[in-house]
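In case you want the letters, here they are:
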Amino acid sequence: MSAEAIEERLAGVPVYALSNCNEEFVLVSGAKTGKSLGLMCFKKEDAEALLHQMKSMDPAMRKEGSRVVPVPLNKVFQLKVNGVAFRLIPESTQVKNALREMEKAGFSDDAFAGVPVFQEDLEKSLRRASSDQNKLNPAFRMGDIQVAVFEEIIKGMKESTTSAWNDVVFIPPGFDVSTNPNQAQQ
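From a predicted model like this one, the values you see are computed outputs, not experimental measurements.

### A closer look at the overall build of the protein
So, step 1. In terms of regular secondary structure, the protein is built from seven helices and seven strands.
So, step 2. Along its sequence from the N terminus, the protein presents helices and strands in the succession α-β-β-β-α-α-β-α-β-α-β-α-β-α.
So, step 3. Taking the contacts inside the protein whose residues are at least 6 apart along the sequence as the reference set, 69% of them involve residues at least 24 apart.
So, step 4. For the protein, the accessible surface area stands at approximately 12,300 Å², while carbon and sulfur atoms represent 50% of it.

Following this line, the structure appears as structure tokens:
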């Protein structure tokens, strides 16, 4: 799948980054390694907690007006800055849910490597939309909850030359397709 096609599917998913007053990403740098890391949170409250923690450690951040800003996930996908690695920080509740679902499926592990993606969220919304419209989409069938790693899905999309990924759509956590498309549940 082309990079443009992948970016199109990521466009509606927000992540939250820390920004300074010049609208530049706030980066975390290793004192010994000198490497820089840009952190992107899927939950705004997680980004605000990170900002609060960083302001308490670095008084300059308080003075310069650092803040949390939403960034479309497709823009993060496009970022290629020399010497800077960008990391996605999943919601802790989503990681716990992923570990629980993996355990139900017979995989026992105490860690989840990456950002969890759930098929379940879309199924709930589609079921609610079908119910609201008093008709069931004939193509819609309830399945088992499936959990995958976001980074592995993106890798598969990049490397695949088949149409196996054509039906993948990413929906942000809390978004309900059965309601007004311009509004997400909080």
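Moving on from the coordinates now.
### Details of the pattern of salt bridges
So, step 1. For the structure shown, the criterion picks out one salt bridge.
So, step 2. Between Glu 101 and Lys 104 there is a salt bridge whose closest N-O contact spans 3.3 Å. Here Glu 101 pairs with Lys 104, and both are found in helix α5 (residues 92–104), just three residues apart, close to one helical turn.
So, step 3. Residue Glu 101 is classed as buried on the basis of its relative accessible area of 15%.

### A few points about the pairing of strand β5 (residues 84–89)
So, step 1. Of the two faces of β5, only one is covered, namely that formed by Val 84, Phe 86 and Leu 88; the face formed by Ala 85, Arg 87 and Ile 89 stays uncovered.
So, step 2. Two strands pair when backbone bridges link them, and strand β3 (residues 36–41) and β5 are joined in this way by six bridges, in the parallel orientation. The partner of Met 40 across the bridge, within β5, is Leu 88.

### Observations concerning the nonpolar core
So, step 1. Counting 21 residues, the largest nonpolar core has Val 15, Leu 73, Leu 88, Phe 150 and Phe 170 as its most contacted members.
So, step 2. Those elements that provide at least two residues to this core are α1 (3–10), β1 (14–19), β4 (67–72), α4 (73–78), β5 and α7 (150–159).
So, step 3. For this core, the element with the highest residue contribution is α7, accounting for four residues.
So, step 4. For this core, the domains that each give at least three residues are domain 1 (3–89) and domain 2 (92–159).
So, step 5. Leu 88 has contacts with Val 15, Met 40, Phe 42, Leu 73, Val 76, Val 115, Phe 150 and Glu 151, leaving out every residue within four places of it along the chain.
So, step 6. Within the second largest apolar cluster, 11 residues are counted, among which are Tyr 16, Leu 39, Leu 51 and Val 68.

### Details of unusual backbone geometry
Peptide bonds are mostly trans, and most non-glycine residues show a negative phi.
So, step 1. Its identity is not glycine, yet Glu 23 carries a phi of approximately 60°, on the positive side.
So, step 2. Along the chain, Glu 23 falls in the loop between β1 and β2 (28–29).
So, step 3. For Glu 23, a relative accessible area of 64% translates into the label exposed.

### Some words on the confidence of the model for the protein
So, step 1. Summary statistics for the protein give a mean pLDDT of 77 and a share of 75% for residues scoring 70 or more.
So, step 2. Confidence drops under pLDDT 50 across residues 180–186; counting only partners more than four residues distant or on other chains, this segment forms six contacts.

The rules we used
Residues numbered from 1 in each chain as written. Predicted model: local features only at pLDDT ≥ 70, side-chain atom pairs only at ≥ 80, totals over all residues. Heavy atoms only, no water. Helix = DSSP H or I, 4+ residues; strand = E, 2+ residues; numbered from the N terminus. Contact = heavy atoms within 4.5 Å. Areas by Shrake-Rupley, 256 points an atom, 1.4 Å probe, with all protein chains shown as cover. Salt bridge = Lys/Arg side-chain N within 4 Å of Asp/Glu carboxyl O. Buried < 20%, exposed > 50% of the residue type's maximum accessible area, 1.4 Å probe, protein only. Pairing = 2+ DSSP bridges. Core = buried A, V, L, I, M, F, W, Y, C linked by side-chain atoms within 4.5 Å. Domains from an automatic or database assignment. pLDDT = per-residue confidence, 0-100.

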